[in-house]
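# Fold and geometry: a report
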Amino acid sequence: MRCYSLLVPLVALASCAAARAQTPLHNLGRTPSAEEIRAWDISINPEGKGLPPGSGTAKQGETLYEHKCARCHGKTGTEGPNEPLIGGQGTLQTERPVRTIGSFWPFATTIWDYINRGMPQYEEGSLSADQVYAITAFLLYRNGIIHESDVIDANSLPKIQMPNRNGFVPPKPEWKRREKRPFGIYH
Amino acid sequence: MNTKERGRRRFLKGGAALAGLAVGEIRSASGQAIGSERPEVRPEDFRAYGERSRFVTSVRRDPRNPNSRTPLQDSVGIITPSALHFMVPTWIDPPDIDPWQHRLLIHGMVDRPLIFSMEELKRLPSVSRIHFVECAGSGDSLEERKKNGMLAETVQRTHGLTACSEWTGVLLSMLLRETGVQKEATWLVAEGAEPRKRSKSIPLEKAMDDVLVAYGQNGEPVRPEQGYPLRLVVPGFEGVHNIKWLRRIKVLDQPSMEKEETSHYPTQRPDLGKARWFQFEMGPKSVITFPSGGQRLPSRGFYEITGLAWSGGGAIQRVEVSTDGGRTWKDAELQEPVLRMAHTRFRFPWNWDGDEAVLQSRCTDDVEAIQPTLAEFGRIWGGVDSEYLKTTRNKVNHINAIQPWKVSRDGSVRNALL
């Protein structure tokens, strides 16, 4: 129980955690099957890890967009009522930045991840993998990032270079415990 | 003894216990001590789940603003009643989760992936800790002015995206010891069970430090709007990290770069021409909650100025108050307990002489970070002046500027940020 004491220095705590890593402390919880983990794990990382089989093109995505997305994001993807999904490139440095997946988002994989997990609103999780690839292709095409005929799949999506990929600081995010930052802001 | 009699006796016993707690209220309501002279109250008249007096009307929805904000102007002490904790986003109905069905999966770069039921989580050693949860956009007094030309009037609207609760649950570090964490792991991503499945990446070092997997809030289960049956509490970090309806934690060797990392929360720095992503801790902040915007002082004379101070960097060390628009400052008294990453109540005695006065507070936390003026904030945030902050459509989060309230001769109080 020593390990829980707040007075134990961090180093001791870490080595204590390492020692304990061999044996579970309380033996509660059950081991999930690989199938269960696959079903739950919807995270897609920038290297495309987690992307399922399937593919789509902008052409296929166009009609899907009209039916499933346009009523909230606008016919042209710029006029709302909800978040604009198209346009905004070249506005980030102005006092009226238009931040869209095309102008702002650094990774194309995030678009797939987000449409797959959270859109369309109120019918979340209703799209097939092929449909998500197709809508992603359509949005990338309309943002001038890919060609109309490009096939988007688990292989091609992570390779897409987004216009604002290098528009973020710090390049490698990290957090340091109890580090003093003026006014709470990281530089 | 018939059932009615038995019920009545149980009530009298309960009444005696209650009297100890709230004797003042009961006396003043009936004009006499509780006892046999009181008209008979049947046990079924007692509300099974208590409600506040009908004379108390504080709500988290401001009639003039559809957003849900904590009514700080009515706050006393440091705990926000669960029913008044702000909600973001307002337009999502909380999911209706059956705790018997709910599970937490921990997987990724761990030695033993595990699934926990609520029952199992509650069997583990628990902790209770008092922490604030604050939205990254909190404290932005200028936002409303940019939308409709008017400065936010009340402290509910300027600072109401923060709340402070006692959270009960298990330390995430303990759960991660149960699963074992692989050597190369440095991050994790946490995810909610609501339809949107909001997710956020969190540094592993923070997770091992003080992050809570909470099922309790202020002595009862976490409210549905706050994440029932299970949520993350990431002390001091901007609100979006505190994933509600927590269902999954995946341990990683890099951030997952999902939507909340790359879309809404990064802010574009005008001086660098780049966006700052991964802002974690909320800066040191304080605000006077009485007297505050929209209130009115009935007459000259004594008032206790009071407010709240908090910092994502640690505990509040000092709060100073100025009653002359920032020309002179005096230390306020800090009300115990003064806790890390928690609201801290401060008090300052004041005699109002009936003249115009500008009241404001500033705090310092225990890593010696000081709450800035709006001008200082602009400079550090992105090399801009206050004029920029007042007009820009560029999103500016984490505003923790000193908030002045102006008391006019007629006793009315209004926002004097500009």
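Residues numbered from 1 in each chain as written. Chains lettered and ligands numbered in written order. Predicted model: local features only at pLDDT ≥ 70, side-chain atom pairs only at ≥ 80, totals over all residues. Heavy atoms only, no water.

### A few points about the overall build of chain B
Convention followed: The secondary structure listing takes helices from DSSP runs of H or I that are at least 4 residues long and strands from runs of E that are at least 2 residues long, numbered from the N terminus. Buried residues are those whose accessible area, probed at 1.4 Å on protein chains only, stays under 20% of the maximum for their type, while exposed residues exceed 50% and partly exposed ones sit between those limits. Computed by Shrake-Rupley with a 1.4 Å probe, the accessible areas treat only the displayed protein chains as cover when residues are assessed.
A tally of regular secondary structure across chain B gives nine helices and 21 strands. Relative to its full complement of 418 residues, chain B shows a buried share of 57%. Total accessible area computed for chain B in this model is approximately 17,600 Å², and 50% of it derives from carbon and sulfur atoms.

### Some thoughts on the overall build of chain A
Stated formally: Throughout, a contact is declared for two residues whenever any of their heavy atoms are within 4.5 Å.
Counting its secondary structure elements, chain A contains six helices and three strands. Ordering the α and β elements of chain A from the N terminus gives α-α-β-α-α-α-α-β-β. Burial statistics for chain A: of 187 residues in total, 43% are counted as buried. Considering only contacts in chain A between residues 6 or more positions apart, those separated by 24 or more positions represent 54%. Carbon and sulfur atoms make up 55% of the accessible area of chain A, which amounts to about 10,100 Å² in all.

### Focus on the sheet that holds strand β2 (residues 114-117) of chain B
All names here are of chain B. We count it as follows: Being paired, for any two strands, means DSSP has found at least two bridges between them. Axis lines are fitted through C-alpha atoms, for helices just across the contact stretch, and the angle between N-to-C directions can take any value from 0 to 180 degrees.
An order of β2-β1-β10-β5-β6 is seen for the five strands of this open sheet, with the pairing classed as mixed. The sheet is open, and its two borders are formed by β2 and β6 (199-203), each paired with just one other strand. Each strand of the sheet is rotated relative to its neighbour by a mean of 15°, with strand direction disregarded. Two elements, strand β1 (residues 103-108) and strand β10 (residues 246-252), share four bridges in a ladder whose sense is parallel. Within β10, the position partnered with H107 by the bridge is K250.

### Focus on the pattern of salt bridges
Residue and element names in this part refer to chain B. Under the convention used in this document: We define a salt bridge as a side-chain nitrogen of Lys or Arg found within 4 Å of a carboxyl oxygen belonging to Asp or Glu.
One pass over the full model with this rule turns up 31 salt bridges over all chains. A salt bridge links R347 to E304; its shortest N-O distance comes to 3.1 Å. Residue R347 is found in strand β18 (residues 344-352), and its partner E304 is found in strand β14 (residues 301-310); the two are separated by 43 residues along the sequence.

### Some details on the environment of A:I86
Residues and elements named next belong to chain A. Examined against the element boundaries, I86 turns out to sit in the loop between α4 (70-73) and α5 (108-118). A relative accessible area of 10% places I86 in the buried class. For the pair I86 and Y122, spaced 36 residues apart in the sequence, the C-alpha separation amounts to 22 Å. Setting aside anything within four residues of it in sequence, one finds I86 in contact with T76, G77, T78, T100, L139, R142 and N143.

### Remarks on the sheet that holds strand β3 (residues 168-169) of chain A
Taken together, three strands build an open sheet; the order of strands is β3(A)-β12(B)-β11(B) and the sheet is mixed. Only two strands of the sheet have a single partner each, and these edge strands are β3 of chain A together with β11 (267-269) of chain B. Contacts between helix α8 (residues 374-382) of chain B and the sheet are confined to β11 and β12 (274-276) of chain B, with β11(B) contributing the most and set at about 85° to the helix.

### With respect to the interface of chain B and chain A
For interface size, the figure often reported is the accessible area lost on association. Put simply, the rule reads: Defined in terms of a 1.4 Å probe, buried area is the accessible area two parts forfeit on being brought together, summed over both. Definition of a polar contact: a pair of N or O atoms within 3.5 Å, with one able to donate and the other able to accept a hydrogen when the atoms are protein atoms, and with sequence-neighbouring residues admitted only if both atoms are side-chain atoms. The residue classification treats Ala, Val, Leu, Ile, Met, Phe, Trp, Tyr, Cys and Pro as nonpolar and Asp, Glu, Lys and Arg as charged. All others, Gly included, are polar.
Opposite the 79 residues of chain B that make contact, chain A presents 62 residues. Regarding the contact of chain B and chain A, the summed buried area is about 6,500 Å², with carbon and sulfur atoms giving 57% of it. The interface formed by chain B and chain A holds six salt bridges in total. Here B:E191 ties to A:R117 by a salt bridge, and the two come within 2.9 Å at their closest N and O atoms. Counting the contacts that link chain B with chain A gives 34 residue pairs in polar contact (both at pLDDT 80 or more). The residue inventory of the side of chain B that touches chain A, partitioned by class, reads 32 nonpolar, 18 polar and 29 charged. Here β3(A) pairs with β12(B) via two bridges, running parallel.

### Focus: the environment of A:W40
Within the secondary structure, A:W40 is located in helix α2 (residues 34-40). Along the backbone, A:W40 and A:C72 are 32 residues apart, and their C-alpha atoms lie at a distance of 28 Å. Not counting chain neighbours up to four residues away, the residues in contact with A:W40 comprise B:R103, B:L105, B:E191, B:R247 and B:R248.

### Quick look at the packing of aromatic side chains
For clarity, the cut-off: Centre distance within 6.5 Å is the pairing criterion for rings of Phe, Tyr and Trp, where only the six-membered ring of Trp is used; planes under 30 degrees apart are then read as stacked, over 60 as edge-to-face, and the remainder as tilted. Cation placement over rings: the criterion is NZ of Lys or CZ of Arg within 6 Å of the ring centroid and within 35° of the ring normal.
What the rule picks out here adds up to 14 aromatic pairs over all chains. Relative to B:F280, the ring of B:F278 lies with its centre 6.1 Å away and its plane at 45°, an arrangement referred to as tilted. There is no split in this pair, since B:F278 and B:F280 are both buried. An aromatic cluster is present here, built from A:F104, A:F168, A:W175, B:W187, B:F237, B:W277, B:F278 and B:F280 joined pairwise through their rings. Taking the ring centre of B:Y215 as reference, the NZ or CZ of B:K122 above it sits at 5.5 Å. Above the plane of the ring of B:W329 lies B:R362, whose end atom (NZ or CZ) is 4.1 Å from the centre.

### Some details on the packing of helix α3 (residues 58-68) of chain A against helix α6 (residues 129-142) of chain A
Residues and elements named next belong to chain A. What counts is decided by this rule: Just so you know how the angles are binned, under 35 degrees is roughly parallel, over 145 roughly antiparallel, 65 to 115 roughly perpendicular, and the rest oblique.
Between α3 and α6, whose axes approach to 7 Å, the crossing angle comes to 95°. The orientation of α3 with respect to α6, classified from their angle, is roughly perpendicular. Here A58, Q60, G61, E62, L64, Y65 and K68 of α3 lie close against α6, whose contacting residues are Q131, A134, I135, A137, F138, L139, Y141 and R142.

### Section: empty space enclosed by the protein
Residues and elements named next belong to chain B. Under the convention used in this document: Using a grid of 1 Å spacing that covers the protein atoms alone, one calls a set of points a cavity when a 1.4 Å probe fits there but cannot get out, and a pocket when the set is open and has protein on both sides within 12 Å along at least five of seven lines; lining residues are those with an atom within 4 Å of a point. Grid points are joined across faces, edges and corners, and a volume is the space filled by probe spheres set on the points.
Within this structure, the stated rule accounts for six cavities of 30 Å³ or more. For the largest cavity, the calculated volume is near 340 Å³. Taken together, 22 residues line the largest cavity, and the ones lying closest to its centre are V88, P89, R198, G239 and K244. Grouping the amino acids of the lining of the largest cavity by side-chain chemistry returns twelve nonpolar, four polar and six charged. Taken as a whole, the second largest cavity encloses approximately 90 Å³ of empty space. Of the residues contributing to the lining of the second largest cavity, the split by class is four nonpolar, five polar and six charged.

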